[in-house]
Amino acid sequence: MSNKRDGSPTVTSPDGVRLAVQTTGDPAAPAVVAVHGYPDDHTVWDGVVADLAVDHHVITYDVRGAGGSEAPRDRSGYRLDHLTEDLVAVLDEVAPGRKVHLLAHDWGAIQTWHSVTDPRLAGRVASYTSISGPDLDHIGAWFRRRSSLRDVLRQARASWYTVLFRTPRLPELIWRSGLGARLVSAMEGVPRAVTRDAVNGLELYRANIAERIADPQPRRTDLPVQVLAPTRDRYVTPPMQTGIGEFVPDLRVRHIPGGHWVPRSRPDVIARAVRELVTHVEGGTEAPALRRARAGTGRWTDRLVVVTGAGSGIGRATALAFARRGAEIVVADRDLDTAQRTVDLIGDGRSTAHQVDVSDGGAMEEFAKLVVTEHGVPDVVINNAGIGMAGSFADTTLADWQRIVDVNLWGVIHGCRQFAPLMKEHGEGGHIVNVASAAAYLPQRTLSAYATTKSAVLTLSECLRAELGDDGIGVTALCPGFVHTNITATTRFVGTDAATEQQRQKATTAAYAKRNYTPERVAEAVVRAVEKDVALAPVTPEAHVGLALSRLTPGLLRAVARKDVSL
Ligand SMILES: NC(=O)c1ccc[n+]([C@@H]2O[C@H](COP(=O)([O-])OP(=O)(O)OC[C@H]3O[C@@H](n4cnc5c(N)ncnc54)[C@H](O)[C@@H]3O)[C@@H](O)[C@H]2O)c1
């Protein structure tokens, strides 16, 4: 390695192009080589390097034509074979005789795919993490396969700029005028591209794309590979990045909430994913997130699901439904015995029971801390715990109001307050289900307290869904109708003496038993709602019909609401 005039070390490629190389961290630690894309230079990795270099030797370099590296004399110098020679030259210099872990983004990933399937790198690479840059031959094969017309059309629409970049002169004009840099920076929130790098890099598109896409020769690799596919990538859609299993048998796919430049927006998430793969490949344990990312793994295998009020009814059935699909469940209830019974019914040896009163903010904070420490950040949180209350507004005391608002509304607020920020910070998405009720949109003269809490939960869920969408966190308001559970036996009937209350509880329980809509059916609806990321999920026919009527003929519902239907 020699030193360039500006002080950064350089490596010389076989065709004489000198490349600026940067190294950080302990040279004895596992080596990660990060390759940037277009129109970036090595600084796109700054955040990732700062995180990874704590326990890795991190090597970055400026790709030919970018940053501190020289540009080849003509277009042919940008062909993928030259870019592979650059990588080999860097490895010979900074990691001779060692296997390295590769990490690459955008064009860096495209060229690295070419490299990892090239015999010249055989035996020199331990793993590959690819972000937003599939192999060009894989792209060609993917378009030809046309597995989904919708996906293909979506990608074709997203690829407009690759056509523009291959036209003569116009793209140079766009970059030199400063317009391109301003536009990309405004759209993506990234620093403005350096004009020289952006103009040079156009040759990557011109030298490589046409022939690969027209006549793909897909090559395989047996390396451990993980694809980190940003969910909101405007240029490389997730289906095209990830539909490559036939060429990459040891493949993991992780969907990272974010746009094309996730290495800049979420360096912590990228560094964590790389660290997990490196640790596993170097003989350490396989993190659950990595295990789940393997092809063929079920949607819910090893996912972490927290369910409150899971000692009975809908909560218990939902806990069991997710557990049957392979998830680990954290069962919470104010009644520890019933929570433990749910865990016994799950019987997977890893799900756990916890005694928590959801209306107690402090207890919920402690609970969330314990979940993260002992189990990790949940993938799904189901704020289900709730109580029933019926009777007139006039008979509802302040204490009644406080109790039902504390449990049904504050319980949900506490659950969201504790877990939503954790999921957001974690950066790998998730889902929150808030159990409301069809009473949220069906007024009833004897349900003012209960329905008020449930409509608040519905509105909270809608607002939170809007707020968390960009973080890949879905929020569902679940609105069941009449479901046969214990709730009818514990519902408070305000304005009645103990004997009358008991008689009403019995009568209501009998009516719900006759209706016989089981919590197990609700649980299946919960799983479906999460899988399809539904905003508002009515469950039971009456909840569906009620929702339609509330939109079409609210006047009719108001008239029905005036009828006294007390049992
Ligand atoms: N059953 C229905 O017809 C129906 C209809 C619509 C909505 N819901 C809602 O579904 C949810 C579940 O109700 P269910 O029907 O399964 O009732 P359920 O009584 O069978 O179960 C509720 C569980 O929540 C627990 N719980 C109550 N208060 C708690 C608190 N403060 N902290 C922790 N746990 C607490 C209870 O111990 C119980 O295990 C509730 O929010 C309820 O309002 C039920």
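Everything below is about the structure printed above this text.
Being a predicted model, the structure only gives us computed values, none of them experimental. (Residues numbered from 1 in each chain as written. Predicted model: local features only at pLDDT ≥ 70, side-chain atom pairs only at ≥ 80, totals over all residues. Heavy atoms only, no water.)

A. Fine view of the site of the ligand. By nearness alone, 28 residues border the ligand, and S312, D333, N384, Y450 and T485 come closest of all. Between V483 and the ligand, the recorded distance is 2.8 Å, taken from a backbone N or O atom to an oxygen atom. Separating an oxygen atom of the ligand from a side-chain N or O atom of T485 is a distance of 2.6 Å. For the ligand, the accessible surface in isolation is 820 Å², of which the surrounding protein chains cover 96%. Counting residues per element, the ones that place at least two in the shell around the ligand are helix 14 (313-324) and helix 18 (448-468). Classifying every residue of the shell around the ligand gives 14 nonpolar, 10 polar and four charged. (Near = heavy atom within 4 Å. Polar contact = N/O pair within 3.5 Å; in protein donor to acceptor, adjacent residues only side chain to side chain. Areas by Shrake-Rupley, 256 points an atom, 1.4 Å probe, with all protein chains shown as cover. Helix = DSSP H or I, 4+ residues; strand = E, 2+ residues; numbered from the N terminus. Nonpolar A, V, L, I, M, F, W, Y, C, P; charged D, E, K, R; others polar.)

B. Broad picture of empty space enclosed by the protein. The full count for this structure, using the stated rule, is one cavity of 30 Å³ or more. The space that makes up the largest cavity amounts to roughly 100 Å³. V63, R64, A66, G201 and L204 are the residues nearest the centre of the largest cavity, which is lined by 17 residues in total. Among the secondary structure elements, those contributing two or more residues to the lining of the largest cavity are helix 3 (107-116) and helix 9 (195-214). The greatest single-element share of the lining of the largest cavity, amounting to four residues, is contributed by helix 9. (1 Å grid on protein atoms, 1.4 Å probe; cavity = no way out; pocket = protein on both sides within 12 Å on 5 of 7 lines; lining within 4 Å. Points joined across faces, edges and corners; volume = space filled by probe spheres on them.)

C. Examining helix 2 (residues 80-94) more closely. Along its 15 residues, helix 2 runs 21 Å from first to last C-alpha, staying within 8% of the 21 Å computed at 1.5 Å per residue. Among all positions in helix 2, only L80, L83, T84, D86, L87, V88, A89, V90, L91 and V94 are buried. (Expected span 1.5 Å × (residues − 1). Buried < 20%, exposed > 50% of the residue type's maximum accessible area, 1.4 Å probe, protein only.)

Just distances and angles here, no functional claims.
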